[in-house]
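So the chains spell out like this:
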Amino acid sequence: MSNVAEFLSADHPTAFSFEVLPPVRGKSIEQVFRSIDRLMPFNPAYINITTHRSEVVYREVAEGVFQRTFERRRPGTVAIAAALKGRYGVPAVPHLICSGFSKADIENEMIDLSYLGITNLLVLRGDRAKGENRFTPVEGGHEHAVELCRQVEAFNRGVLLDGEEHEPLHRFSFGVAGYPEKHEEAMNIDMDIEFLKAKIDAGAKYVVTQMFFDNKRYFEFVERCRAAGITVPIIPGLKPLTSLTQQALLPKTFHIDLPMELARELCRCRSNEDVKALGVEWGVQQARELKAARVPSIHFYSMNATASVEAIAKAVY
């Protein structure tokens, strides 16, 4: 299987996939490999690789004089994707984002990925810069993910930014993000689904959802999408709870609700170990129900939660 979108659209038992985070700049990739090694027994259909924008840093270069620079704490996804492809033979799905990247940066990344035969992407807008109240693209960048979808499709047709035509070595297939509890910046869920439909119309072949802890939200979201004419696979994204701080952090950061049953149990936890046990138990329940509904795949956000994802997969797959 090399085309993730085609695989997700085919008839098969519910697959397993997960996401990895590139190591901090200067750190070894071996830690990433160790995390992946723990999850390989569950035969992942693909592995997503996150990417992050450069952050603005002001450094004092003389007394009272500061220089504005851009620094990226983690390496880009091209090298990581190539390493995973060579080591595991599993399709790597690098994230391609608007945030912090110009159109030219993105085109260069696609050229590199195409050379390497890495043809699956997840296309995202990405996060706002720290301190921003609203998303602001870099100079020459995209403001919305749908614009990035169109750039990928133009590349697939052989059209570069300068108008030059070329024959790409490989063409990309890509998915996009969906939000069962709506994107934080959307005025309502129906408008959010309109924006999602625009990304599908611009070439996206599947949707991966933001994390959720109430399966009812996912099933209702799928129904709304189908009613809006979105027919592509919609992959549920799950993240196991692992720490007490997530009681406030997850709802605040990701603008999601925890169902009352889970919230009450979380309030009874007294340690991170208690939360991890609850996270696995809840994750198993969610995954079993989703698998029984024959979703194409369950995608796990495994950052800092590899052991929990492993425990859930052992119980479900």
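Preceding this paragraph is the structure being described.
Note that the structure is predicted; figures quoted are calculated from it, not measured.

Counting secondary structure elements, the protein contains 11 helices and 10 strands. Here the C-alpha radius of gyration of the protein, 20 Å, is about what a compact globule of 317 residues would show, namely 20 Å. Viewed in the frame of its principal axes, the protein has a C-alpha envelope of about 55 × 55 × 45 Å. Looking at the protein as a whole, 50% of its 317 residues are labelled buried.

Our focus in this paragraph is the packing of aromatic side chains. As enumerated under the stated definition, the model contains 8 aromatic pairs in all. Each ring, one from Phe-16 and one from Phe-18, has its centre 5.8 Å from the other, and the planes form 45°; the classification is tilted. Phe-18 matches Phe-16 in its accessibility class, with the two residues each being buried. Geometrically, the ring pair formed by Phe-212 and Tyr-218 is stacked, given 5.5 Å between the ring centres and 10° between the ring planes. When sorted by exposure, Phe-212 lands in the same class as Tyr-218, which is buried. Ring pairing ties together the aromatic residues Phe-16, Phe-18, Phe-42, Phe-300 and Tyr-317, which thus form one cluster. One cation-aromatic arrangement involves Arg-87 over Phe-33; the distance from NZ or CZ to the ring centre is 4.0 Å.

It is worth spelling out the nonpolar core at this point. Of all hydrophobic cores here, the largest spans 90 residues; its most connected members are Leu-84, Val-152, Val-176, Tyr-206 and Phe-213. Broken down by element, the residue count for this core peaks at 7 residues, all from helix α10 (residues 272-292). Those residues in contact with Tyr-206, other than ones at most four positions away along the chain, are Val-4, Ala-5, Leu-8, Val-93, Leu-121, Leu-122, Phe-174, Gly-175, Val-176, Val-232, Pro-233 and Ile-235.

Let's shift gears to the packing of helix α7 (residues 215-227) against α10. Close contact between α7 and α10 brings their axes to 10 Å; oriented N to C, the two are set at 30°. As summarised for this structure, α7 and α10 are arranged roughly parallel, according to the angle between their axes. Counted together, Asn-215, Tyr-218 and Phe-219 of α7 and Gln-286, Glu-289 and Leu-290 of α10 form the full contact between these two elements. Each residue belonging to the contact of α7 with α10 can be placed in one class, and the counts come to 3 nonpolar, 2 polar and 1 charged.

Before going further, it helps to examine the pattern of salt bridges. Overall, the coordinates contain 12 salt bridges when judged by the stated rule. Of the charged contacts in the structure, one is a salt bridge between Glu-310 and Arg-38, with a shortest N-O distance of 2.6 Å. Taken as a pair, Glu-310 in helix α11 (residues 306-316) and Arg-38 in helix α2 (residues 30-39) lie far apart in primary sequence, 272 residues in all. Lys-216 is the partner of Glu-220 in a salt bridge, and the nearest nitrogen-oxygen pair spans 4.0 Å.

Right, let's talk about the state of the cysteines for a bit. Inspection of every chain in the model, using the stated rule, returns 0 disulfides. Free of any disulfide, Cys-98 has its nearest cysteine sulfur in Cys-149, 8.2 Å distant. Residue Cys-98 is classed as buried on the basis of its relative accessible area, which comes to 0%. Here Cys-269 stays unpaired: no disulfide links it, and the sulfur of Cys-267, its closest cysteine neighbor, is 8.7 Å away. With relative accessibility at 10%, the residue Cys-269 sits in the buried group.

Next up on the list: helix α3 (residues 77-88). The end-to-end C-alpha distance of α3 is 16 Å, a good match for the 16 Å that 12 residues give at a rise of 1.5 Å each. For α3, every residue scored as buried is listed here: Thr-77, Val-78, Ile-80, Ala-81, Leu-84 and Tyr-88. One side of α3 carries all its buried residues, which in axial view fall inside an arc of 165°. Summarising the geometry of α3, the exposed residues directed more than 90 degrees from the buried face are Ala-79 and Gly-86. Buried residues in α3 make contact with β1 (15-20), α2, β2 (46-49), β5 (92-97) and α4 (103-116). Of the residues flanking the end of α3, it is Gly-89, one or two places downstream, whose phi is positive at about 70°.

With 6 of 6 residues buried, β5 lies mostly within the body of the structure. Across the two faces of β5 the burial is the same, with Ala-92, Pro-94 and Leu-96 and Val-93, His-95 and Ile-97 all buried. Relative to β5, β2 is paired through 3 bridges, and the arrangement is parallel. Across the sheet, Ile-49 pairs through a bridge with Pro-94, a residue of β5. In the sheet, β5 pairs with strand β6 (residues 120-124) via 3 bridges, with the strands oriented parallel. Looking across to β6, one finds that His-95 is bridged to Leu-122. This β-α-β element, β5 to α4 to β6, shows right-handed connectivity.

Rules behind the numbers
Residues numbered from 1 in each chain as written. Predicted model: local features only at pLDDT ≥ 70, side-chain atom pairs only at ≥ 80, totals over all residues. Heavy atoms only, no water. Helix = DSSP H or I, 4+ residues; strand = E, 2+ residues; numbered from the N terminus. Rg over C-alpha atoms; globule rule 2.2 N^0.38 Å. Buried < 20%, exposed > 50% of the residue type's maximum accessible area, 1.4 Å probe, protein only. Phe/Tyr/Trp six-rings, centres within 6.5 Å; stacked < 30°, edge-to-face > 60°. Lys NZ or Arg CZ within 6 Å of the ring centre and 35° of its normal. Core = buried A, V, L, I, M, F, W, Y, C linked by side-chain atoms within 4.5 Å. Contact = heavy atoms within 4.5 Å. Axes fitted to C-alpha atoms, helices over the stretch in contact; angles between N-to-C directions. Parallel < 35°, antiparallel > 145°, perpendicular 65-115°, else oblique. Nonpolar A, V, L, I, M, F, W, Y, C, P; charged D, E, K, R; others polar. Salt bridge = Lys/Arg side-chain N within 4 Å of Asp/Glu carboxyl O. Disulfide = S-S within 2.5 Å. Expected span 1.5 Å × (residues − 1). Arc of directions from axis to C-beta. Pairing = 2+ DSSP bridges. Right-handed = clockwise from strand over helix to strand, strands pointing away.

Worth remembering: the numbers are spatial, not functional.
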